[in-house]
Amino acid sequence: MGNQIHKNKNDPLMKVETYVSIGASDSVGIGTSNPSKEGWVPTFASLISAEQTINLGISGSTISDAIKQQLPKVFNQKPNVITIWLAVNDFNQQVYDRSILTSYTKNLDLMLSQLRNQLDKNTRILVGNIPDLSKVDIYTSFGIPKQFLTAQIKQWNDVISDIVEQNKCELVDLFVYWKELAQHPEYISFDGFH
């Protein structure tokens, strides 16, 4: 997620006292051999020189889970920076429930509006969208056509982008940055997903 954060003298990320991550297994660091050092959350925390990092990520979490389990813990922390990457588990559930995008939309708006309204107005809230999962072989091994998968991801990412903008947060476009995966299949962990 750090690809869109650039440090300069006028950037409020120059001094980050508290960084909070809301997320699922990727936030926990699943797929790395040393999650506490190699996961994207500690890597990003190092990039922004966070004095304190609070990783609230829970493997398997959906956005509705995170609203109940992770969101309440954010408000007492008074973070300068929050990252939220909660979309892929919800996206995967649409196989069983086509209405999942509707509930995801409402829940993302609820989460972002609560954060925006209850935290300092200068708190940076960075929200990751869905990467290009058509590059992850596990989806094609299930027989999901790449074009269909890409169209579904675009629909979800359009919704995420709209809600992020409405709530005056910042989009981290993982879909765009995921293109390099085609040249680096070794980026995918042994489990074929993370």
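Residues numbered from 1 in each chain as written. Predicted model: local features only at pLDDT ≥ 70, side-chain atom pairs only at ≥ 80, totals over all residues. Heavy atoms only, no water.

### A closer look at the sheet that holds strand β4 (residues 124-128)
Through backbone hydrogen bonds, the strands of a sheet pair up, either in parallel or in antiparallel fashion.
Link 1 in the chain: Taken together, the five strands give an open sheet; going across it, the order is β2-β1-β3-β4-β5, and neighbouring strands pair in parallel fashion. Both edges of this open sheet fall to β2 (52-55) and β5 (170-172), since each of them pairs with a single strand only. Taken over all neighbouring pairs, the strand axes of this sheet differ in orientation by 20° on average, direction set aside.
Link 2 in the chain: The strands that helix α9 (residues 146-166) touches are β4 and β5; relative to β5, the one it contacts most, it runs at about 150°. (Pairing = 2+ DSSP bridges. Helix = DSSP H or I, 4+ residues; strand = E, 2+ residues; numbered from the N terminus. Axes fitted to C-alpha atoms, helices over the stretch in contact; angles between N-to-C directions. Contact = heavy atoms within 4.5 Å.)

### Some details on the packing of helix α7 (residues 100-118) against α9
Link 1 in the chain: Axis separation between α7 and α9 bottoms out at 10 Å; the angle between their running directions is 20°. As summarised for this structure, α7 and α9 are arranged roughly parallel, according to the angle between their axes. Read as a crossing pair, α7 and α9 show a hand that is right-handed. Side by side, α7 and α9 meet where I100, L101, Y104, T105, L108, D109 and L112 of the first sit next to Q155, W156, V159, I160, I163, V164 and Q166 of the second. (Parallel < 35°, antiparallel > 145°, perpendicular 65-115°, else oblique. Left-handed = near helix turned anticlockwise from the far one by under 90°.)

### Thoughts on the nonpolar core
Link 1 in the chain: In this structure, Y19, I22, I84, M111, L112, L115 and I130 are the most contacted members of the largest nonpolar core, which totals 51 residues.
Link 2 in the chain: Here I130 is in contact with A87, V88, F91, I153, W156, N157, I160 and F175, once residues within four sequence places are set aside. (Core = buried A, V, L, I, M, F, W, Y, C linked by side-chain atoms within 4.5 Å. Buried < 20%, exposed > 50% of the residue type's maximum accessible area, 1.4 Å probe, protein only.)

### Brief notes about the pattern of salt bridges
Opposite charge on two side chains permits them to pair, given that their charged atoms come into close proximity.
Link 1 in the chain: Applying the stated criterion across every chain, the model contains two salt bridges.
Link 2 in the chain: When the shortest N-O distance is used, the salt bridge between E170 and R124 registers 2.6 Å. On the criterion of sequence distance, the pair formed by E170 in strand β5 and R124 in strand β4 is long-range, its members being 46 residues apart.
Link 3 in the chain: Residue class for E170 comes out partly exposed when judged on its relative accessible area of 29%.
Link 4 in the chain: A salt bridge links K154 to D158; the shortest N-O distance between them is 2.8 Å. In this pair, K154 and D158 both sit in helix α9, four residues apart, roughly one turn of the helix. (Salt bridge = Lys/Arg side-chain N within 4 Å of Asp/Glu carboxyl O.)

### Observations regarding unusual backbone geometry
Link 1 in the chain: Even without a glycine there, the phi angle at K78 is positive, about 50°.
Link 2 in the chain: Topologically, K78 is positioned in the loop between α5 (71-74) and β3 (81-85).
Link 3 in the chain: A positive phi angle is found at K168, which is not glycine, with a value near 55°.
Link 4 in the chain: Within the fold, K168 resides in the loop between α9 and β5.
Link 5 in the chain: For K168, a relative accessible area of 66% translates into the label exposed.

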